[in-house]
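What follows is the residue order along each chain.
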Amino acid sequence: MSQASAVMAPKPAEHIGIEDTPFVTVSEKVALQLLQVDLTQGLWVLRARFQPGYEIETHRHTGPVFAVTEKGRWFYREYPDVVNSPGSYLFEPAGSVHTLTTPKDQVGETVVWFAIYGANLNLDDKGNITGVLDAPTVLGLYRALCAGQKLDSSKVIVHGA
């Protein structure tokens, strides 16, 4: 094989099954299943399970976010009339600020798939940054939670490590 064709050779696809990475309990109201992290691009792909009445801390995204709702309902506290339900697709542009909320009266959990570029900057009620969640932080947190819960995190697709 010539050097030019070696450079142009396609990379193989990477596959994990839906059960290959576990959901880890973060709190009594949320569990995460990390699927992929690209540390070079700052990308983290995960599924989240939220219990009824859960509210994520208000945050600002430094990059775009893509979301598909698999089960249940959720909305942003700032836009309560726009409700995501199974099959809903949501695009969040970089710079968006919001507070993800699940309805208190919902029966059963909400499951959402997210692809997130950049960081979530957690904000207090005055807009001050109180925490940062990004690809390396999520990977470290997921691995630590898996270890603490005696779960295997080895099948997460990781690039740029």
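What counts and what doesn't
- Residues numbered from 1 in each chain as written.
- Predicted model: local features only at pLDDT ≥ 70, side-chain atom pairs only at ≥ 80, totals over all residues.
- Heavy atoms only, no water.
- 1 Å grid on protein atoms, 1.4 Å probe; cavity = no way out; pocket = protein on both sides within 12 Å on 5 of 7 lines; lining within 4 Å.
- Points joined across faces, edges and corners; volume = space filled by probe spheres on them.
- Helix = DSSP H or I, 4+ residues; strand = E, 2+ residues; numbered from the N terminus.
- Nonpolar A, V, L, I, M, F, W, Y, C, P; charged D, E, K, R; others polar.
- Phe/Tyr/Trp six-rings, centres within 6.5 Å; stacked < 30°, edge-to-face > 60°.
- Buried < 20%, exposed > 50% of the residue type's maximum accessible area, 1.4 Å probe, protein only.
- Pairing = 2+ DSSP bridges.

Student: Please clarify how the layout of surface pockets should be interpreted in this entry.
Tutor: If you roll a probe as big as a water molecule over the atoms, it shows you where there is empty space left. As a volume, the largest pocket reaches approximately 460 Å³. Lining the largest pocket are 25 residues; nearest its centre among them are Leu 32, Tyr 54, Ile 56, Asn 120 and Leu 133. Looking at which element gives the most residues to the lining of the largest pocket, the answer is strand β3 (residues 43–50), with four residues. Looking at the lining of the largest pocket residue by residue, the classes come out as 17 nonpolar, six polar and two charged.

Student: How should the packing of aromatic side chains be read in this particular structure?
Tutor: When we look at a pair of aromatic rings, we describe it by the centre distance and by the angle of the planes. The final tally for this structure, using the stated rule, is six aromatic pairs. A ring pair is formed by Phe 66 and Phe 91, whose centres lie 5.5 Å apart and whose planes are at 45 degrees; its orientation type is tilted. Of the two residues, Phe 66 is situated in strand β5 (residues 65–71) and Phe 91 in strand β8 (residues 89–92); the sequence distance between them amounts to 25 residues. Relative to Tyr 117, the ring of Phe 66 has its centre 6.5 Å away and its plane inclined at 85 degrees; by these criteria the two rings are edge-to-face. Residue Phe 66 is found in strand β5, and its partner Tyr 117 is found in strand β11 (residues 110–117); the two are separated by 51 residues along the sequence. Owing to a relative accessible area of 26%, Tyr 117 belongs among the partly exposed residues under this scheme. One aromatic cluster is present, built from ring pairs that chain together Trp 74, Tyr 76, Tyr 79 and Phe 114.

Student: For this particular structure, what's the right way to read the sheet that holds strand β4 (residues 59–61)?
Tutor: The pairing of strands in a sheet comes from backbone hydrogen bonds and takes either a parallel or an antiparallel form. Taken in spatial order, the four strands line up as β9-β4-β12-β13 in an open sheet, and their pairing is antiparallel. Strands with a single pairing partner mark the edges of an open sheet, and in this sheet they are β9 (97–98) and β13 (129–133). Summarising the sheet, strand β12 (residues 120–123) and β13 pair through four bridges and their orientation is antiparallel. Following the sheet pairing, Asn 120 is matched in β13 by Leu 133.

Student: Mind showing me how you'd approach empty space enclosed by the protein here?
Tutor: Inspection of the entire model under this criterion finds one cavity of 30 Å³ or more. The volume enclosed by the largest cavity comes to roughly 30 Å³. Around the largest cavity, the lining residues are Leu 32, Leu 34, Leu 46, Val 138, Leu 141, Tyr 142 and Leu 145. Breaking the lining of the largest cavity down by element, the ones donating at least two residues are β2 (30–38) and α2 (135–148). For the lining of the largest cavity, the per-class residue count stands at seven nonpolar, no polar and no charged.

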